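Observations on the model geometry
Here's the letter readout for the chains.
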Amino acid sequence: HRESFPHAGDVLAVAYRGDGKEVCTAALDGSLSFYDPHAGVHVATIDGRRDIAGGAHLSETRRRHTSAIGQCFERVAYSPDGALLLAAGRSKFVCLYACATRVLVRKLQVTHNLSLDGVRDVKHSALVNRDT
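This text gives an overview of the structure that appears in the document. (Residues numbered from 1 in each chain as written. Predicted model: local features only at pLDDT ≥ 70, side-chain atom pairs only at ≥ 80, totals over all residues. Heavy atoms only, no water.)

A few points about the sheet that holds strand β8 (residues 103-109)
Selection rule: Two strands qualify as a pair provided that DSSP identifies no fewer than 2 bridges between them. In this text, helices come from DSSP runs of H or I with a minimum length of four residues, and strands from runs of E with a minimum of two, each type numbered from the N-terminal end. In this analysis, axes come from line fits to C-alpha atoms, helices being fitted only over the stretch in contact, and the angle between any two N-to-C directions falls in the range 0 to 180 degrees.
Strands sit in the order β5-β6-β7-β8 across an open sheet of four strands; the sheet is antiparallel. Taken across any chain shown, the strands that pair with only one partner, and hence form the sheet edges, are β5 (73-78) and β8. Averaged over all neighbouring strand pairs, the angle between strand axes comes to 20°, with direction disregarded. Sheet topology places strand β6 (residues 84-89) next to strand β7 (residues 93-98); five bridges connect them, and they run antiparallel. Counted as the bridge partner of Ala87 is Cys95 from β7.

What about the nonpolar core?
The nonpolar side chains of soluble globular proteins are, as a tendency, buried together. Which entries qualify depends on this criterion: Take the buried Ala, Val, Leu, Ile, Met, Phe, Trp, Tyr and Cys residues and link them wherever side-chain atoms come within 4.5 Å; each set so joined is a nonpolar core. Buried, partly exposed and exposed residues are distinguished by accessible area as a fraction of the type maximum, computed with a 1.4 Å probe on protein chains only: under 20%, between the cut-offs, and over 50%, respectively. Any two residues whose heavy atoms approach within 4.5 Å at even a single point are treated as in contact.
Counting 17 residues, the largest nonpolar core has Leu32, Phe34, Phe73, Val76, Leu85 and Tyr97 as the members making the most contacts within it. Listed by contribution, the elements that provide at least two residues to this core are β1 (11-16), β2 (23-27), β3 (31-36), β4 (41-47), β5, β6 and β7. Broken down by element, the residue count for this core peaks at three residues, all from β5. Setting aside anything within four residues of it in sequence, one finds Phe73 in contact with Leu12, Ala26, Ala27, Gly30, Leu32, Gly48, Ile52, Ala87, Ala88, Gly89, Cys95 and Tyr97.

Spelled out as structure tokens, the structure:
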């Protein structure tokens, strides 16, 4: 017997909680969706776009509301006890969520290498070439 769960976009990763009572999917739109596989129902969604967002490339003139475009989680995994969810992807950050409250517990920076995707933590507007 097969059932599918509806998603607004493409799903990049799936993780089963150890007790089999929950499934998490990471989608291309930056969301993390939680489902009860036994009941076949959607339980909750986390909009992770702000959580995974870092800085902006020096040559980009992105604004704060568009800085998370194109960033999404590509890997998700539950902790052994199922209390936490680890999510990582197209960013230098790894996010840790509490499964019971669906709240970001910790945002870990996995690199200080500024060449990763050409991002900087602080953008200096005087260095941006606005003519290009």
